[in-house]
Amino acid sequence: MAIRQELLDELLKEYKSPEDLLGQNGLLKELTKVLVERALEGELTHHLGYPKNGSSKSGNARNGKGKKGLITDHGKMEIASPRDRNGTFDPVLVKKRQTRFDGFDEKILSMYARGMTVREIKGHLEDLYGVEVSPDLISTVTDSVLEEVRAWQNRPLDAVYPIVFLDALRVKVRDNGHVINKAVYLALGVNLEGQKEVLGLWVSREEGAKFWLKVVTELKNRGVNDMFIACVDGLKGFPDAIESVYPGTQVQLCIVHMVRNSLRYVPWKDRKEVAADLKTVYTAANAESAAEALQAFRKRWDETYPTIADSWEKNWQGLTPFLSYPDYIRKAIYTTNAIESLHRSLRKITKNRGSFPNDESAVKLLYMALTNVAKKWTMPIRQWKQALNQFAILFPERLPE
């Protein structure tokens, strides 16, 4: 809508400083108030079917104005809201019982999703808009997300996810008067288009294979009929839990976790050499070559560090599936880094909080943070088309047309 230059000149003739335009009593705030009130008058005229001082054909008529406090981007303002005699007028611009302009709640949610506490949001809104917002209002706004969380957590999922990463992170939650560490289970899938997608999050007191069995069972019930490769850490019983629900899934243990655990008790003077020799195992051309490299590692280091080669042999079935794939698939599945990167993003958000008052509060914030992170996932995994061709050859009956 074009605004006449003469009107702008008239509005700005008293302008001397930015405060006159943008301040608490500035022109923008006053202009917003006047325009809102004029628009509400127009809505009432449309509702009644006749202009002010006209004659009524319906028997309904104007019935004065009521004062209404409204929080806007320019601070709190009081507007005069027109009323009708029959009480049937329902404004569109500022609805009945509405106390905040559309968009204000989104600002609260955006700040909350970036890790700001209720107290920090309250102070920020006061500094920015000169508006005192109660902690209860902020909690009410953020609690409105819980219904969205429930719908998201129960949404139907794709029938096939070629790759799924499963891992948990820890958060502090108050439980029965005590602050304890709880496990937040996360499932990150790669769909047939190569896009990453968080399939769900769950909170439990402990991380264990028994709860992971519950997670994968829920994924099955929500429509995930198949996953080709599941990438997990070395938690005992984890592969068995997955294979009991998805018997055709290849479970790939995280190589990075395995190397870390192997080097945990190696002194600094030997660590570089031990790591280099282990690298010859997991970078081998195939499983047979990897087995030969592990035997060479054993000959050199068994006398000094006998448990390392033993642990690799013990977990050999879970460590070697990725070796049957080309490099561009190996890079995607040999480590759980994809989900650990997600964990790092979430920890940046949760670090400002000493603890969460309950599980719902933790889930609410993590869901909002996940939504923000997912906005950056605009591109598929590198060389995904080639990977999909490999899966079509390896799993011809399981890949949908």
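Above this text you will find the structure in question.
Residues numbered from 1 in each chain as written. Predicted model: local features only at pLDDT ≥ 70, side-chain atom pairs only at ≥ 80, totals over all residues. Heavy atoms only, no water.

Q: Mind showing me how you'd approach the overall build of the protein here?
A: Counting its secondary structure elements, the protein contains 18 helices and seven strands. Here the C-alpha atoms of the protein give a radius of gyration of 30 Å, more than 25% beyond the 21 Å that 2.2 N^0.38 yields for 401 residues. Expressed as lengths along the three principal axes of its C-alpha atoms, the size of the protein is roughly 100 × 50 × 50 Å. Once local pairs closer than 6 in sequence are excluded, the contacts in the protein between residues at least 24 apart make up 62%. Carbon and sulfur atoms form 52% of the exposed surface of the protein, whose accessible area is close to 22,600 Å². (Helix = DSSP H or I, 4+ residues; strand = E, 2+ residues; numbered from the N terminus. Rg over C-alpha atoms; globule rule 2.2 N^0.38 Å. Contact = heavy atoms within 4.5 Å. Areas by Shrake-Rupley, 256 points an atom, 1.4 Å probe, with all protein chains shown as cover.)

Q: Explanation requested: the packing of helix α11 (residues 268–282) against helix α12 (residues 287–301) in the structure shown.
A: Two measures define how a pair of helices packs: the angle their axes make with one another and the distance between the axes. As a packed pair, α11 and α12 sit with axes 7 Å apart at the nearest point and diverge in direction by 155 degrees. One way to sum up the angle between α11 and α12 is to call them roughly antiparallel. Every residue of α12 that contacts α11 at D270, E273, V274, D277, L278, T280 and V281 is listed here: A290, A293, L294, F297, R300 and W301. Taken together, the residues of the contact of α11 with α12 break down into eight nonpolar, one polar and four charged. (Axes fitted to C-alpha atoms, helices over the stretch in contact; angles between N-to-C directions. Parallel < 35°, antiparallel > 145°, perpendicular 65-115°, else oblique. Nonpolar A, V, L, I, M, F, W, Y, C, P; charged D, E, K, R; others polar.)

Q: Could you clarify how one ought to interpret the pairing of strand β3 (residues 160–175) in this entry?
A: Where a strand is regular, its side chains alternate between the two sheet faces. Counting buried residues along β3, 13 of its 16 residues qualify, which places the element largely inside the surrounding structure. Pairing of β3 with strand β6 (residues 226–232), which is carried by five bridges, proceeds in the parallel orientation. Each bridged residue has a counterpart across the sheet, and for I163 the counterpart in β6 is I229. Direction of pairing for β3 relative to strand β4 (residues 178–190): antiparallel, over a ladder of 13 bridges. Directly across from L166, in β4, lies its bridge partner A187. Hairpin geometry of β3 and β4 is characterised by an intervening segment of two residues between the two adjacent antiparallel strands and by a positive phi of about 55 degrees at N176. (Buried < 20%, exposed > 50% of the residue type's maximum accessible area, 1.4 Å probe, protein only. Pairing = 2+ DSSP bridges.)

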